[in-house]
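Reading the structure
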Amino acid sequence: LCVPAVPVLFKQALENTDVEEGKSVSLRCELTKADATVVWKKEEATLQASAKYEMKQKGTVAELVIHNAEPEDA
């Protein structure tokens, strides 16, 4: 029996979030499948984990924490 792969969808999409310059902000989304691969991008550039960007994932919830937020992070 061949079972087709079920696509991963967003159960809860990202929401716009305001943050004071210099503070940290957390962006979260919820997926329909646990531990799906998530790639965070700003425009066309893929973000990499660093002192500025922290990526977390637990089950169906993926989170991006931006430390020391600046206007350019919009």
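We now turn to the structure provided with this report. Computed from a prediction, not measured in an experiment: that's the story for all the values here.

**Here we look at the sheet that holds strand E2 (residues 25–31)**
Read across the open sheet, the four strands follow the order E1-E2-E6-E5; overall the sheet is antiparallel. This sheet does not close on itself; its edge strands, each paired only once, are strand E1 (10–12) and strand E5 (53–58). Averaged over all pairs of adjacent strands, the angle between strand axes in this sheet comes to 30°, irrespective of strand direction.

**Quick word on the pairing of E5**
Here E5 pairs with strand E6 (residues 61–66) via six bridges, running antiparallel. The partner of Lys56 across the bridge, within E6, is Glu63. Hairpin connection, E5 to E6: the antiparallel pair is bridged by two residues, and Gly59 has positive phi, about 60°.

**Considering the environment of Ser26**
Along the polypeptide, Ser26 turns up in strand E2. The spacing of Ser26 and Glu63 is 37 residues in sequence and 6.7 Å in space, taken between C-alpha atoms. Excluding residues that lie within four positions of it along the chain, Ser26 makes contacts with Glu63, Leu64 and Val65. A polar contact of 2.4 Å, which involves the side chain of Ser26, links it to the side chain of Glu63.

**Here's the deal with the layout of surface pockets**
Rolled over the atoms, a probe with the dimensions of a water molecule shows which regions are left empty. Size it by volume and the largest pocket reaches roughly 680 Å³. If you go around the largest pocket, you meet 31 residues; those closest to its centre are Leu14, Leu27, Leu64, Ile66 and Asp73. Among the elements of the structure, E2, strand E3 (41–42) and E6 are those that each provide at least two residues to the lining of the largest pocket. In terms of residue count, E2 provides more of the lining of the largest pocket than any other element does, four residues in total. A per-class count over the lining of the largest pocket returns 20 nonpolar, three polar and eight charged.

The rules behind each value
- Residues numbered from 1 in each chain as written.
- Predicted model: local features only at pLDDT ≥ 70, side-chain atom pairs only at ≥ 80, totals over all residues.
- Heavy atoms only, no water.
- Pairing = 2+ DSSP bridges.
- Helix = DSSP H or I, 4+ residues; strand = E, 2+ residues; numbered from the N terminus.
- Axes fitted to C-alpha atoms, helices over the stretch in contact; angles between N-to-C directions.
- Contact = heavy atoms within 4.5 Å.
- Polar contact = N/O pair within 3.5 Å; in protein donor to acceptor, adjacent residues only side chain to side chain.
- 1 Å grid on protein atoms, 1.4 Å probe; cavity = no way out; pocket = protein on both sides within 12 Å on 5 of 7 lines; lining within 4 Å.
- Points joined across faces, edges and corners; volume = space filled by probe spheres on them.
- Nonpolar A, V, L, I, M, F, W, Y, C, P; charged D, E, K, R; others polar.

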